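Okay, here's what each chain looks like letter by letter:
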Amino acid sequence: MSEEQITQAKLPPTSAIDMPSNQTFEGWFEYPVRVQPHHTDYAGIAWHGVYIAWMEEARVEYLRSIGIEFADLVVLGCDLPVVELSVRYHRSIQLGMAVVVKTRMTEVTGVRINWDYAIVSTDGQQLYVTAKVTLVALDRERGKIMRQLPASVKDALAKVSALHK
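Let me begin by describing the structure that accompanies this report. (Residues numbered from 1 in each chain as written. Predicted model: local features only at pLDDT ≥ 70, side-chain atom pairs only at ≥ 80, totals over all residues. Heavy atoms only, no water.)

## A word on the pattern of salt bridges
Under the convention used in this document: Between Lys or Arg on one side and Asp or Glu on the other, a salt bridge is scored when a side-chain nitrogen of the former is within 4 Å of a carboxyl oxygen of the latter. Helix and strand assignments come from DSSP, with helices taken as H or I runs of at least 4 residues and strands as E runs of at least 2, each series counted from the N terminus. Accessible area is worked out with a 1.4 Å probe on protein chains only. A residue is then buried under 20% of its type maximum, exposed over 50%, and partly exposed in between.
Applying the stated rule across the entire model yields seven salt bridges. In this structure, Arg64 and Glu61 form a salt bridge, with 2.4 Å as the shortest nitrogen-oxygen distance. Taken as a pair, Arg64 and Glu61 lie in helix 2 (residues 48-65) at a separation of three residues, close to a single helical turn. Under the relative-accessibility criterion, Glu61 is labelled partly exposed at 27%. A salt bridge links Arg64 to Glu69, with the nearest nitrogen and oxygen atoms 3.1 Å apart. What you see here is one network of salt bridges that share partners, running through Glu61, Arg64 and Glu69.

Structure below.
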């Protein structure tokens, strides 16, 4: 086994992580980003943690686009914390580059919402990052996992799921 095959075997197999670079992203939500100086390390390369912030921004904007305002969730007493995160960094992104964070919900099971991500060049030819995130609905007051999603959230997610079938 080559060193690359050994490395590949150790990484978690998920649909988002193992996505080939020639993958098409039809129907994914797109969130454009330009790498600013505060996103980078001393060498002008985007710091690894900023990709996670971009993914969260894309997720919040996606939810807004389907009628779910995060501020409204807070008022309802609901939070959606990340409970699982897998990221694969395929190549670096440099200061000044424009990229697109692509995201989609892959599955809603009870109070768990699974998301896939890909950060790609604006022309879609370069794949920089793939990731998978799982959120869970949390009752903010009690600090416990909710038994079910708030009705308004469930309805909005059901409409989106129906569109993708």
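## Quick look at the side chain of Thr134
Going by this rule: In what follows, residue pairs with any heavy atoms lying within 4.5 Å of each other are defined as contacts.
Here Thr134 lies in strand 6 (residues 127-136). Residue Thr134 is classed as buried on the basis of its relative accessible area, which comes to 4%. The contact partners of Thr134, leaving out residues within four places of it in the chain, are Pro81, Val82, Val83, Glu84, Arg112, Ile113 and Asn114.

## Side note on the environment of Val99
In this structure, Val99 sits in strand 4 (residues 98-109). Along the chain, Val99 and Ile119 lie 20 residues apart, while their C-alpha atoms are 6.7 Å from each other. Setting aside chain neighbours within four positions, we find Val99 in contact with Tyr31, Pro32, Val33, Trp54, Ile93, Ile119, Val120, Thr122 and Tyr128.

## Side note on the sheet that holds strand 5 (residues 112-121)
Our working rule: Whether two strands pair depends on DSSP finding at least two bridges between them. In this analysis an axis means a line fitted to C-alpha atoms, helices contributing only their contacting stretch, and an angle means the value between N-to-C directions, from 0 to 180 degrees.
Strand order in the open sheet made by the five strands is 1-4-5-6-3, with antiparallel pairing throughout. Edge positions in the open sheet fall to strand 1 (29-34) and strand 3 (82-89), since each of these has one partner strand only. Neighbour-to-neighbour, the strand axes of this sheet turn through a mean angle of 20°, independent of strand direction. On the sheet, helix 2 packs against strand 1, strand 3, strand 4, strand 5 and strand 6 and is oriented at approximately 135° with respect to strand 1.

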